[in-house]
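One letter stands for each residue in the lines below.
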Amino acid sequence: MSLAGKRVLLIVTGGIAAFKALELIRLLRKGGCGVTCVLTKGGAQFVTPLSLQALSEHHVYTDLFSLTDESEMGHIQLSRSADLVVVAPASADILAKMAAGLADDLASTLLLATDKAVLVAPAMNVRMWGHAATRANMATLQARGVAVVGPDEGAMACNEFGAGRLSEPPVILAAIEAMLAGARPLAGKHAIVTSGPTHEPIDPVRYIANRSSGRQGHAIAAALAALGARVTLVSGPVTVPDPAGVTVRRIETAAEMLAACRAALPADIAVFAAAVADWRVASASDQKIKKTPDGAPPALALTPNPDILATIAAAGADRPRLVVGFAAETHDLRAHAQDKRRRKNADWIVANDVNPSTGIMGGAENEIHLVTAEGIEDWPRLAKDEVAGRLAARIAKVFA
Ligand code: C5P
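## Side note on the overall build of the chain
Alright, step 1. Each helix and strand counted, the chain has 13 helices and 22 strands in total.
Alright, step 2. The C-alpha radius of gyration of the chain comes to 23 Å, within 12% of the 21 Å expected for a compact globule of 400 residues.
Alright, step 3. Along the longest, intermediate and shortest principal axes, the C-alpha atoms of the chain span 85 × 50 × 40 Å.
Alright, step 4. Burial analysis of the chain (400 residues in total) assigns 50% to the buried set.
Alright, step 5. Within the chain, counting contacts between residues at least 6 apart in sequence, those at least 24 apart form 67% of the total.
Alright, step 6. Within the structure as shown, the chain displays about 18400 Å² of accessible surface, and the carbon and sulfur contribution to it stands at 52%.

Shown next, in the form of structure tokens:
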């Protein structure tokens with residue numbers, strides 16, 4: 001995918017993450033992409049027009065830019081002069097203005113006037129991102145076709161932790177490249193992604209679970225959506241936030257996960273990233289199991305759960321064209337993954353080493369080996385959202 005000869009209109013709004021726009025401009029310029037920057041009043045509290053100008057090698061438009069001095073064509077032309085409009089960072093304020101159709105400064109006026117595709121990279125405090133107003137604004141924007149990248153989860157400048165951090169510049173760059181390349185290569189495709197653990201009840205208050213965080217599966221759902229796919233994310237109980245722009249089906253047990261996957265068919269793509277419990281309690285008690293006076297523990301008879309991946313991969317005419325499974329192993333990774341691919345009738349297996357020494361399970365990074373019919377690709381250790389981005393791009397190639 002080439003950026004060369006393309007032009008991006010980059011709107012930089014207020015927020016501590018505005019400094020990352022500088023690195024984004026550098027990456028875009030390195031790829032041969034022209035960048036025209038618009039800096040809002042808030043944005044100018046964090047980065048200077050001079051920095052943006054030096055890196056973009058282009059005049060920077062600020063709120064000082066007076067629409068009254070311009071002919072009406074001035075800002076209309078500016079809004080259409082680029083191949084893509086990118087808002088990074090996108091504050092809660094600009095998202096609200098976009099959703100409401102306000103045009104009270106240059107940035108919001110351009111966003112209302114443009115006829116080009118728009119990508120937003122939100123960045124804000126975790127509570128602002130989670131607020132019902134922001135949720136509703138995002139839903140409105142996405143329903144209108146605005147593309148979204150991020151936000152990430154992590155420690156924030158305000159000493160809180162959660163979703164709201166601006167995506168890293170290389171991730172925003174990948175989303176820009178994908179959009180410029182035509183670039184919702186998975187538009188019209190439906191992807192089912194499973195994520196997180198399952199909880200298998202012992203009684204109404206106890207359950208069997210595992211340590212899956214849902215980070216990798218959620219990142220894959222977001223990355224597929226960023227490439228234009230309609231995504232149904234079937235998620236077990238997790239604390240990671242719902243990715244923007246995907247339909248989330250929340251389930252607890254493996255049986256519910258299978259039912260939700262079946263209900264979501266037909267699909268073109270299925271990625272089974274969930275850590276499904278292999279067994280459930282054969283007959284879970286509908287009352288809390290009491291301790292016996294002699295302290296003897298209850299005997300829990302276990303029964304196997306359905307294998308969701310294998311079931312959907314054997315769904316005959318309903319089988320998604322590309323079925324991707326995961327293999328988390330602590331030893332003989334490659335052999336087990338190859339065997340799993342054949343046994344479960346998956347097209348690809350994403351294999352990773354979850355030996356505690358790797359720090360992968362529950363961590364922010366992943367080092368995967370992609371097992372296909374052609375062989376095994378060893379990928380470098382990457383952030384989980386970069387793994388997701390690459391995997392989504394690899395999936396898009398199948399449908400090119
Ligand atoms: O056999 P194993 O659990 O290692 O297989 C892992 C792969 O199979 C993952 O893609 C996981 O999501 C999927 N799986 C499933 N249903 C199960 C068990 C695993 O879909 N009951």
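## Points about the sheet that holds strand E2 (residues 34-39)
As a general point, the strands of a sheet are linked pairwise by backbone hydrogen bonds and lie either parallel or antiparallel.
Alright, step 1. Taken together, six strands build an open sheet; the order of strands is E3-E2-E1-E4-E5-E6 and the sheet is parallel. The strands lining the two open edges of the sheet, one partner per strand, are strand E3 (60-62) and strand E6 (147-148).

## What to know about the domain arrangement of the chain
Alright, step 1. Domain boundaries assigned for the chain yield domain 1 (7-182) and domain 2 (190-398).
Alright, step 2. Averaged C-alpha coordinates put domain 1 and domain 2 at centres separated by 34 Å.
Alright, step 3. Each partner contributes to the interface: domain 1 provides eight residues, whereas domain 2 provides nine residues.
Alright, step 4. Counting the surface domain 1 buries against domain 2, the share from its top three residues, Gln142, Glu153 and Val171, is 46%.

## Here we look at the side chain of histidine 199
Alright, step 1. Assignment of secondary structure puts histidine 199 in the loop between strand E9 (190-195) and strand E10 (200-201).
Alright, step 2. Ignoring sequence-local partners within four residues, the contact set of histidine 199 consists of Tyr207, Ile208, Ala209, Pro237, Glu252 and Thr253.

## A look at the packing of helix H9 (residues 215-226) against helix H13 (residues 384-398)
How two helices pack is summed up by the angle between their axes together with the distance between the axes.
Alright, step 1. Following both chains from N to C, one finds H9 and H13 inclined at 45°, their axes separated by 8 Å at the closest point. What the angle tells us is that H9 and H13 run oblique. Once H9 is placed against H13, the crossing between them reads as right-handed. Two secondary-structure elements touch here, H9 through Arg215, Gln216, Ala219, Ile220, Ala223 and Leu224 and H13 through Lys384, Asp385, Val387, Ala388, Gly389, Leu391, Ala392 and Ile395.
Alright, step 2. Taken together, the residues that form the contact of H9 with H13 break down as nine nonpolar, two polar and three charged.

## A look at the site of the ligand
Alright, step 1. The full set of residues close to the ligand is Phe272, Ala274, Val276, Asp278, Pro306, Asp307, Ile308, Leu309, Gly325, Phe326, Lys340 and Lys344.
Alright, step 2. One nitrogen or oxygen atom from the main chain of proline 306 is found 2.8 Å from a nitrogen atom belonging to the ligand.
Alright, step 3. Look at the ligand: alone it shows 450 Å² of surface, and the protein chains cover 85% of it.
Alright, step 4. Broken down by secondary-structure element, the contributors of at least two residues to the shell around the ligand are helix H11 (308-313) and strand E17 (322-329).
Alright, step 5. Tallied by class, the residues present in the shell around the ligand amount to seven nonpolar, one polar and four charged.

## Concerning the pairing of strand E21 (residues 375-378)
Alright, step 1. With four bridges joining them, strand E20 (residues 368-372) and E21 adopt antiparallel strand pairing. Across the sheet, threonine 372 pairs through a bridge with glycine 375, a residue of E21.
Alright, step 2. Counting the residues between successive antiparallel strands, the hairpin from E20 to E21 contains two residues.

## Let's talk about the environment of aspartate 385
Alright, step 1. Tracing the chain through its elements places aspartate 385 in helix H13.
Alright, step 2. Accessibility expressed as a relative area gives 24% for aspartate 385, which makes it partly exposed.
Alright, step 3. For the pair aspartate 385 and arginine 215, spaced 170 residues apart in sequence, the C-alpha separation works out to 8.4 Å.
Alright, step 4. Not counting the four nearest positions on each side in its chain, aspartate 385 is found in contact with Asp152, Val171 and Ala219.

Here is what the cut-offs are and how they apply
Residues numbered from 1 in each chain as written. Predicted model: local features only at pLDDT ≥ 70, side-chain atom pairs only at ≥ 80, totals over all residues. Heavy atoms only, no water. Helix = DSSP H or I, 4+ residues; strand = E, 2+ residues; numbered from the N terminus. Rg over C-alpha atoms; globule rule 2.2 N^0.38 Å. Buried < 20%, exposed > 50% of the residue type's maximum accessible area, 1.4 Å probe, protein only. Contact = heavy atoms within 4.5 Å. Areas by Shrake-Rupley, 256 points an atom, 1.4 Å probe, with all protein chains shown as cover. Pairing = 2+ DSSP bridges. Domains from an automatic or database assignment. Buried area = accessible area lost by both parts, 1.4 Å probe. Axes fitted to C-alpha atoms, helices over the stretch in contact; angles between N-to-C directions. Parallel < 35°, antiparallel > 145°, perpendicular 65-115°, else oblique. Left-handed = near helix turned anticlockwise from the far one by under 90°. Nonpolar A, V, L, I, M, F, W, Y, C, P; charged D, E, K, R; others polar. Near = heavy atom within 4 Å. Polar contact = N/O pair within 3.5 Å; in protein donor to acceptor, adjacent residues only side chain to side chain.

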